[in-house]
Amino acid sequence: MALLNFRKKDDAAGQTPVNPHVEAFLRNYSIEVMPRTAEKVDDFADLLPAGTRVYIAHIEGTPIDDMVATAARLNAGGFAVMPHFPARIIKDRATLADWIARYQGEADVKQALLLAGGVTAPHGDFSDSMQLMETGLFDQAGFERLHVAGHPEGNRDIDASGTANVDAALRWKNEFQTRTDAKMAIATQFAFEAQPIIDWANGLQEAGITLPVHIGIAGPAKLQTLIKFAIACGVGPSLKVLQKRAMDVTKLLLPYEPTDVVTELAAHKASNPDFNISHVHFFPLGGIKTNAKWAQDNGGQSAVPANAS
């Protein structure tokens, strides 16, 4: 009888049950690319539904020309483009203004993810996303949406221990939304365990932070690849999920899939409609094609309406 609650989806193997809670949770999902990974995709329309929000990660050393060209290509393909603006690699206000103008003029970009960036020492005048927001340049340019970073398991670059600084930053950003016309959301680092994510998200609501959360999820990948990225990105306690899997020789060579964490979060969302996680944001660490197929197989249809949070 339980299968009556699942929609049947055709695939090469026949009929595959799709969990309706997962399908609803994946609605309007987003995904992240880099210029060098985007180059390997012949046609994003073969992988992603029209309107999918695609973040473009700006890694230190990536030329702005490559970032803008990738944004223009995605925009021409009908996708909602959201490039990263990493504060610590932006030299000064003039550089920021130039980037904004180029993204708008060459790629019709209207939204951005603002973050400190993954470098230790700032290259110039900016060290955090709040300073970028305070310039007023995004508002002056008519950007419609600004997302900011969140860290369910803390950020050791900001807080050596605890979460005092990242919590204070989110309170500031939440207040920024209330005093401006900015449409904002929190896009988080990925984690591998549902309960700590739920506890963190509930803690935001208890602290009066009303920004919706787009939860970071690592897409399917080899276990060794995920562990490498998780350590490099400072993933915290949920790393033990991967470490435990690595100790099981029957699973060591099997690719990791985010089915468990997504299913648990989706069930919690279904039982708690006011839960502040509104979207899933994928980090395709095992490849864009692999991630897109997993999303499709699990009922993911992504199209970002104009009023999406």
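Our subject is the structure listed above.
Below: a short report on this structure. Starting from 1, residues in each chain are numbered consecutively following that chain's sequence as written. Confidence filtering applies because this is a predicted model: local features only for residues at pLDDT of at least 70, side-chain atom pairs given and counted only at 80 or more, and all residues used for totals across whole chains, interfaces and linings. Excluded from the side-chain calculations are hydrogens and water; all other atoms, namely the structure's heavy atoms, are used.

Description of the sheet that holds strand 9 (residues 213-218)
- Whether two strands pair depends on DSSP finding at least two bridges between them. Here a strand is any run of E in DSSP of at least two residues, a helix any run of H or I of at least four, and the numbering for each starts at the N terminus. The strand order around the closed barrel built from 8 strands is 3-4-5-6-7-8-9-10, with neighbouring strands paired in parallel fashion. Within the sheet, the average angular offset between the axes of one strand and its neighbour, ignoring direction, is 30 degrees.
- As paired elements, strand 3 (residues 30-33) and strand 10 (residues 277-283) share 2 bridges and run parallel to each other. In the sheet register, Ser30 faces strand 10, and the bridge partner there is His281. Comment: axis = line fitted to C-alpha atoms, over the contacting stretch for helices; angle = value between 0 and 180 degrees taken between N-to-C directions.

Some words on the pairing of strand 8 (residues 183-190)
- We call a residue buried when its accessible area falls under 20% of the maximum for its residue type, exposed when it is over 50%, and partly exposed in between, using a 1.4 Å probe and counting protein chains only. With 7 of 8 residues buried, strand 8 is to be regarded as a mostly interior element.
- In this structure, strand 7 (residues 145-150) lies alongside strand 8, joined through 6 bridges in parallel fashion. Bridge pairing in strand 8 places His147 opposite Ala185.
- When strand 8 meets strand 9, the two strands line up parallel, connected through 3 bridges. Within strand 9, the residue paired with Ile186 across the bridge is Val213.
- When the strands point away from the viewer and the connection leading from the first strand across the helix to the second strand turns clockwise, the crossover is called right-handed. In this view, the connection linking strand 8 to its parallel neighbour strand 9 by way of helix 8 (residues 194-206) has right-handed handedness.

Focus on the side chain of His214
- On the secondary structure map, His214 appears in strand 9.
- Polar contact is defined as a pair of N or O atoms within 3.5 Å, subject to the rule that within protein one atom must be able to donate a hydrogen and the other to accept it, and that residues adjacent in sequence are counted only when both atoms are side-chain atoms. Within polar-contact distance, the side chain of His214 engages the side chain of His279 at 3.3 Å.

Some thoughts on the pairing of strand 6 (residues 111-115)
- A large share of strand 6 lies buried, amounting to 4 of its 5 residues.
- Handedness of the crossover joining strand 5 (residues 80-86) and strand 6 through helix 4 (residues 93-107): right-handed.
- Judged from the 4 bridges that link them, strand 6 and strand 7 form a sheet pairing that is parallel. Residue Ala112 lies in a different strand from strand 7, and its bridge partner there is Leu146.

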